[in-house]
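So the chains spell out like this:
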Amino acid sequence: MNSPVLIACAHGTRNAEGQAAIRRVMAEIEALRPGLRVVEAYVDVQEPELGGVVEGLPEGTAAVVVPLLLSTGFHIKVDVPKAIKTRPEVVAARPLGPDPRLAELLATHLRAAGLQEHDGVLLAAAGSSLPDGSVDSEEQARLLAELLPNKVRVAYGASAQPTVPDGVASLRAELAAEPAAEPNGPAGRVFIASYLLATGYFHDQLAKAGADVVAAPLLPSKVLAEIALERYDAVLERLS
């Protein structure tokens, strides 16, 4: 029996580096699971659009939409179900986050950027107009906080509060109110943990938010491909 098609569905970006990073994840999925058919799709900005990809599958072709997205939000709750509603043989997996492995990756990037114990961390997520997205981001921040001795807070690029600039200002005030690491020394710095897959519009905005340091986004890393395959397998196990 052939495995269902894996439709790797990303948000989409106009940023060439971001596009390349997402396509690399798709290639890594294929490399990790030889013989599995992986099809590219997007919910915004880029083509091919998810609905068209699903419609283009031959009738009766089983498929699993694996969102290359980090949290539950409008795309997961509305766009994906809308795209597959007329095709019962096409089902959707849950998004990539929250996940402990993403927390480990975020912590690695923060340490590489020079994070020290007295610094503060602001997890910067894209944001969603739906509350589920904030719940997922807060859970990812909790997982990150388990790995670090630092204060960890959450802020959003759009559609949720606090905004990243407001989050930076609030965290900086928190750090200033605490005793310095050394007598008469400076307060801890504010580090942004970029809870984004790749460079693009939202990541570019982080540099303007007033933090001392912005860590790299999650990609490149094979961890994302590994999680995507795990989400795919979880659906198959549920349906078996």
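Residues numbered from 1 in each chain as written. Predicted model: local features only at pLDDT ≥ 70, side-chain atom pairs only at ≥ 80, totals over all residues. Heavy atoms only, no water.

## Observations regarding the packing of helix 1 (residues 16-32) against helix 8 (residues 223-239)
Phase 1: At their nearest, the axes of helix 1 and helix 8 sit 9 Å apart, and the two run at 60 degrees to each other. Our pair here, helix 1 against helix 8, has a crossing hand that is right-handed. Of helix 8, the residues touching helix 1 (which contributes Val25, Glu28, Ile29 and Leu32) are Leu224, Ala225, Glu226, Ala228 and Leu229.
Phase 2: Here the residues of the contact of helix 1 with helix 8 sort into seven nonpolar, no polar and two charged. (Axes fitted to C-alpha atoms, helices over the stretch in contact; angles between N-to-C directions. Helix = DSSP H or I, 4+ residues; strand = E, 2+ residues; numbered from the N terminus. Left-handed = near helix turned anticlockwise from the far one by under 90°. Contact = heavy atoms within 4.5 Å. Nonpolar A, V, L, I, M, F, W, Y, C, P; charged D, E, K, R; others polar.)

## Observations regarding the sheet that holds strand 2 (residues 38-42)
Phase 1: Strand order in the open sheet formed by four strands is 2-1-3-4, with parallel pairing between adjacent strands. Each edge of the open sheet carries a strand with a single partner, namely strand 2 and strand 4 (90-92). Averaged over all neighbouring strand pairs, the angle between strand axes comes to 30 degrees, with direction disregarded.
Phase 2: Sheet topology places strand 1 (residues 5-10) next to strand 3 (residues 63-68); six bridges connect them, and they run parallel. Paired with valine 5 across the strands is alanine 63, a residue of strand 3.
Phase 3: Strands strand 1, strand 2 and strand 3 of the sheet are contacted by helix 1, whose axis makes an angle of about 155 degrees with strand 2.
Phase 4: Contacts from helix 8 reach strand 1, strand 3 and strand 4, with the element oriented near 145 degrees to strand 3. (Pairing = 2+ DSSP bridges.)

Everything listed here is a matter of geometry and, on its own, says nothing about what the molecule does.
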